[in-house]
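Descriptive structure summary
Each chain, letter by letter, is given below.
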Amino acid sequence: MKSFIAVALAVAIGVGMFYVRREAPGSSIPPGLFASVTRETIVEKVEVAGEVKPEVLIDVKPEISARILKIHVTEGEVVQAGAPVVDLDNTELLTEKSAAETEISIAELELERAERVFKRQQRLLNRAIASTSDFEDAETVRDVAKQTLMKARQQLDTIESRIVKSKIVAPLTGTVLALPVVENQVVVEAASVNSGTLLMSVADLSKLLIECHVNQVDVARLEVGMPFEFKVDSLGELLMRGTIQSVAPMATVVNNIKGYTVDLKIDKPDPRLRPGMTAQVTIPISESVGVLAVPVSAVFDGRGDQHVAYVTHPGAKVEERRIVVGVSNTEFAEIRSGLEIGEIVSLTRPESPGS
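Report follows, based on the coordinates. Model, not experiment: these values are computed from the prediction.

When helices and strands are counted, the protein chain shows four helices and 22 strands. Expressed as a percentage of its 355 residues, the buried residues of the protein chain come to 37%. In the form shown here, the protein chain has an accessible surface area of approximately 20,100 Å², with 52% of it arising from carbon and sulfur atoms.

Quick look at the structure:
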């Protein structure tokens, strides 16, 4: 607890009910900020900022390259799963389909002819009129015709599949969060060599989470299932709750700080909550009820790893006393030994302790 809570002085000063200002002439307590040793409930907690995100977010990308013919939705609109969202121009595909159907018809006729020749050669061979080579040639022609027909049918299947893909539908029931394309724009299909054109992002806003980046010290105290509560600036003092959904097993670096990604699932998110909002999250770790405590600004570093408090006595005498500190939060520190309830401690380090 090096410099136990130098930064907490401002927080401590804010809890005015526990402090007294002693400056009246004739007071037995010297001027300054002081606090009484009291019994408090100390809640240890992790406080962190996070970003509200959809639990399920799908980026919709085309599976074929084509020109956008029609966009059926607008940004912010709620769509139903399977509803049409974008039509791509499939004119060329329809032309290819017609050509493929013609090729199938020709291939079917060629196979019928090859089958007739094969069967005739088979009869002639059985009667020892035709040679074996003539029969084998007819068999080869028939097999080639079969392969040609099969290939033509596969080509038609591929074209029909691409025609189906020209009618893009919503992948889930949700809200269109982003729509970065316009009609008549040419889009590129997603493939292994490129990521493709983003048509839109759709998310289910009834299921939201908060993504946080938690430092190495605090993350060790977090477990899946722990409750948390949070606020967002745009909703004022509205307090919402949830539970820890996951803690990343591997550290990542964000803004040059190494930490772990923690996903917090929100219970019953307010309808006004939106992805991208910054959430101020509090995760309770433990609760110590009715323990002897002082404001954290009354605890000072002593020799080595020791801590001290400065007890003020009547007659302006200040006593430096070694204390043992237990749990703490931003307001209070538990005193396990060294102080008694009701004693007055200084919130500033005296210039000459013991005077």
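From this point, things continue past the structure.
Ile68, Val86, Leu88 and Met200 are the most contacted members of the largest nonpolar core, which has 32 residues in total. Mapped onto this core, the elements with two or more residues apiece are strand S5 (66-71), strand S7 (84-88), helix H2 (91-126), helix H3 (132-165) and strand S11 (200-203). If near-sequence neighbours (up to four positions away) are discounted, leucine 88 is found in contact with Pro62, Ile64, Ala66, Arg67, Ile68, Leu69, Lys165, Ser166, Ile168 and Val187. Counting 23 residues, the second-largest nonpolar core is a separate cluster that includes Val48, Ile210, Val262 and Ile266.

Turning our eyes to something else, we now look at the packing of H2 against H3. Taken N-terminus to C-terminus, the directions of H2 and H3 make an angle of 160°; their axes are 8 Å apart at the nearest point. Judged on the interaxial angle alone, H3 and H2 are roughly antiparallel. H3 is crossed by H2, and the crossing has left-handed handedness. For the contact of H2 with H3, the per-class residue count stands at 19 nonpolar, four polar and 14 charged.

On the surface, Arg116, Lys119, Arg120, Arg123 and Arg127 cluster together to form a positively charged patch. Structurally, arginine 116 is set in helix H2. Looking at arginine 116, the relative accessible area reads 51%, which means it is exposed.

Taking strand neighbours across the sheet as the criterion, the four strands line up as S4-S11-S9-S6 in an open arrangement whose pairing is antiparallel. Because the sheet does not close on itself, it has two edges, and the strands there are strand S4 (57-60) and strand S6 (78-79). Bridge count between S4 and S11: four bridges; the pairing is antiparallel. Directly across from leucine 57, in S11, lies its bridge partner alanine 203.

Our next topic: the side chain of threonine 282. By secondary structure assignment, the location of threonine 282 is in strand S17 (residues 278-295). Take threonine 282: its relative accessible area is 17%, and that puts it in the buried class. Apart from the residues lying within four places of it in its own chain, the contact partners of threonine 282 are Lys45, Val46, Glu47, Phe228 and Glu229.

Another aspect to go through is the pattern of salt bridges. Throughout the structure, instances matching the rule amount to 18 salt bridges. A salt bridge links glutamate 108 to arginine 153; the nearest nitrogen and oxygen atoms lie 3.2 Å apart. With glutamate 108 in helix H2 and arginine 153 in helix H3, this pair connects stretches of sequence that are 45 residues apart. Of the residues examined, arginine 153 reaches a relative accessible area of 41% and is grouped as partly exposed. As a salt-bridge pair, arginine 336 and glutamate 334 come within 3.6 Å of each other at their nearest N and O atoms. Using a relative accessible area of 55% as the deciding quantity, one classes arginine 336 as exposed. Overall, glutamate 334 belongs to the buried group, its relative accessible area being 12%.

A separate point is the environment of proline 84. Topologically, proline 84 is positioned in strand S7. Along the sequence, proline 84 and alanine 170 sit 86 residues apart, while their C-alpha atoms lie 6.4 Å from each other. For proline 84, the residues in contact, after removing those within four places along its chain, are His72, Val73, Ile168 and Val169.

Here four strands make up an open sheet; going across it, the order is S8-S7-S5-S10 and the pairing antiparallel. Taken across any chain shown, the strands that pair with only one partner, and hence form the sheet edges, are strand S8 (167-169) and strand S10 (186-187).

Before going further, it helps to spend a moment on H3. Compared with the 50 Å implied by 1.5 Å per residue over 34 residues, the 50 Å span of H3 between its first and last C-alpha is a close match. Those residues of H3 not exposed but buried are Phe135, Ala138, Arg142, Ala145, Leu149, Ala152, Leu156, Ile159 and Ile163. Taken together, the buried residues of H3 touch H2 and S8.

Overall, the coordinates contain three aromatic pairs when judged by the stated rule. Of note, arginine 142 hangs over the ring of phenylalanine 118, and the distance from its end group to the ring centre comes to 4.1 Å.

Moving on, we get to the environment of threonine 38. Along the polypeptide, threonine 38 turns up in strand S3 (residues 38-54). Sequence-wise, threonine 38 and glycine 342 are 304 residues apart; in three dimensions their C-alpha atoms are separated by 6.3 Å. With residues near it in sequence (within four places) discarded, threonine 38 still touches Val291, Leu292, Ala293 and Ile341.

Glancing now at the pairing of strand S14 (residues 240-247). For a regular strand, the rule is simple: side chains alternate between the two faces of the sheet. Where strand S13 (residues 227-232) and S14 come together, four bridges link them in antiparallel fashion. Directly across from phenylalanine 228, in S14, lies its bridge partner glycine 242. Across five bridges, S14 lies against strand S16 (residues 257-266) in antiparallel orientation. Bridging across to S16, isoleucine 244 finds its partner in leucine 264.

Conventions used here
- Residues numbered from 1 in each chain as written.
- Predicted model: local features only at pLDDT ≥ 70, side-chain atom pairs only at ≥ 80, totals over all residues.
- Heavy atoms only, no water.
- Helix = DSSP H or I, 4+ residues; strand = E, 2+ residues; numbered from the N terminus.
- Buried < 20%, exposed > 50% of the residue type's maximum accessible area, 1.4 Å probe, protein only.
- Areas by Shrake-Rupley, 256 points an atom, 1.4 Å probe, with all protein chains shown as cover.
- Core = buried A, V, L, I, M, F, W, Y, C linked by side-chain atoms within 4.5 Å.
- Contact = heavy atoms within 4.5 Å.
- Axes fitted to C-alpha atoms, helices over the stretch in contact; angles between N-to-C directions.
- Parallel < 35°, antiparallel > 145°, perpendicular 65-115°, else oblique.
- Left-handed = near helix turned anticlockwise from the far one by under 90°.
- Nonpolar A, V, L, I, M, F, W, Y, C, P; charged D, E, K, R; others polar.
- Patch = residues over 30% accessible without salt bridge, like charges linked within 9 Å, V, L, I, M, F, W, Y side chains within 5 Å.
- Salt bridge = Lys/Arg side-chain N within 4 Å of Asp/Glu carboxyl O.
- Lys, Arg positive; Asp, Glu negative; His and termini not counted.
- Charge placed at Lys NZ, Arg CZ, Asp CG, Glu CD.
- Pairing = 2+ DSSP bridges.
- Expected span 1.5 Å × (residues − 1).
- Phe/Tyr/Trp six-rings, centres within 6.5 Å; stacked < 30°, edge-to-face > 60°.
- Lys NZ or Arg CZ within 6 Å of the ring centre and 35° of its normal.

These values are about where atoms sit, not about what they do.
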